[in-house]
Amino acid sequence: MELTGKHARVCGSSQGIGLATAKLMAERGAKVTLVGRNEIKMIAALRSLSSLNEAEHDFIIADFSEPQTVKNAIDDYINCGNVPTILVNNTGGPKGGLIIDADISEFTSTFNQHLVCNHILVQALFPVMKKAGEGSIINVISTSVKQPLNGLGVSNTIRGAVANWSKTLANELGQFNIRVNNVLPGATGTSRL
């Protein structure tokens, strides 16, 4: 798949699945905008992309536990003339545990990180994609949307909501040549596992 001339925004890209995705897109020629909350890790991740192609990759600092900072960061980025037409929504966590033991705050925090922030990004980038006549929104979720995983009660619940949000978006945005897809990774050799 050739991505030269494309601009991708990859969330959660300081490590794990997000960083691997960003590297693959850069290898295929895309300009990549990394998104994460830790500036030191983002600088290291950015350096790892610079040798993969000649595009001027960059990064945005945004903490998905604070939806308003995500909104401010994407609005500022677009207002500076940046027009990514590929969005990879990827957020780690939440911590494991039985659903019966989960505190209500775990649900609201995870809902904000995984669904609300994804929605903020899509709403901000939709006009850009629509104007370009194309776009791709890729939501990295989990195999748990097909079969809940034991010990991941909050994650199973919220990722199921993200899956249905994504399918609804696909129905609405397809007419504008904007693809919306879910990727359902299983156990992956990242620092979390």
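Cut-offs and rules
Residues numbered from 1 in each chain as written. Predicted model: local features only at pLDDT ≥ 70, side-chain atom pairs only at ≥ 80, totals over all residues. Heavy atoms only, no water. Salt bridge = Lys/Arg side-chain N within 4 Å of Asp/Glu carboxyl O. Helix = DSSP H or I, 4+ residues; strand = E, 2+ residues; numbered from the N terminus. Buried < 20%, exposed > 50% of the residue type's maximum accessible area, 1.4 Å probe, protein only. Contact = heavy atoms within 4.5 Å. Axes fitted to C-alpha atoms, helices over the stretch in contact; angles between N-to-C directions. Parallel < 35°, antiparallel > 145°, perpendicular 65-115°, else oblique. Left-handed = near helix turned anticlockwise from the far one by under 90°. Nonpolar A, V, L, I, M, F, W, Y, C, P; charged D, E, K, R; others polar.

Asks: Tell me what's going on with the pattern of salt bridges, and back it up with residues and numbers.
Replies: Applying the stated criterion across every chain, the model contains four salt bridges. A salt bridge links E134 to K6; the nearest nitrogen and oxygen atoms lie 2.7 Å apart. Of this pair, E134 sits in the loop between α4 (104-132) and β5 (135-140) while K6 sits in the segment before β1 (7-11); the two residues are 128 residues apart in sequence, bridging distant segments of the chain. A salt bridge links E106 to K95; the shortest N-O distance between them is 3.7 Å. Residue E106 is found in helix α4, and its partner K95 is found in the loop between β4 (86-89) and α4; the two are separated by eleven residues along the sequence. For K95, a relative accessible area of 59% translates into the label exposed.

Asks: Just give me the short version of the environment of A8, but keep the residues and values in it.
Replies: Mapped onto the elements, A8 comes out in strand β1. Considering only alpha carbons, one finds A8 and A26, 18 residues apart in sequence, at a separation of 8.9 Å. Those residues within four positions of A8 in sequence are excluded, and the remaining contacts are M25, K31, V32, T33 and I86.

Asks: Help me get a handle on the side chain of N139, residues and values and all.
Replies: Note that N139 resides in strand β5. What makes N139 buried here is its relative accessible area of 0%. Leaving out residues up to four positions away in the same chain, N139 has contacts with N89, N118, W165, S166, V180, N181, N182 and V183.

Asks: Give me the packing of helix α3 (residues 67-79) against α4: which residues, what numbers.
Replies: Contact geometry of α3 with α4 gives a least axis separation of 10 Å together with a crossing angle of 20°. It follows from the interaxial angle that α3 and α4 lie roughly parallel. Seen along the crossing, α3 lies across α4 with a hand that is right-handed. For the pair α3 and α4, the contacting residues are P67, V70, K71, I74, D75 and I78 in the first and N112, V116, C117, I120, L121, A124, L125 and V128 in the second. Here the residues of the contact of α3 with α4 are counted per class, giving eleven nonpolar, one polar and two charged.

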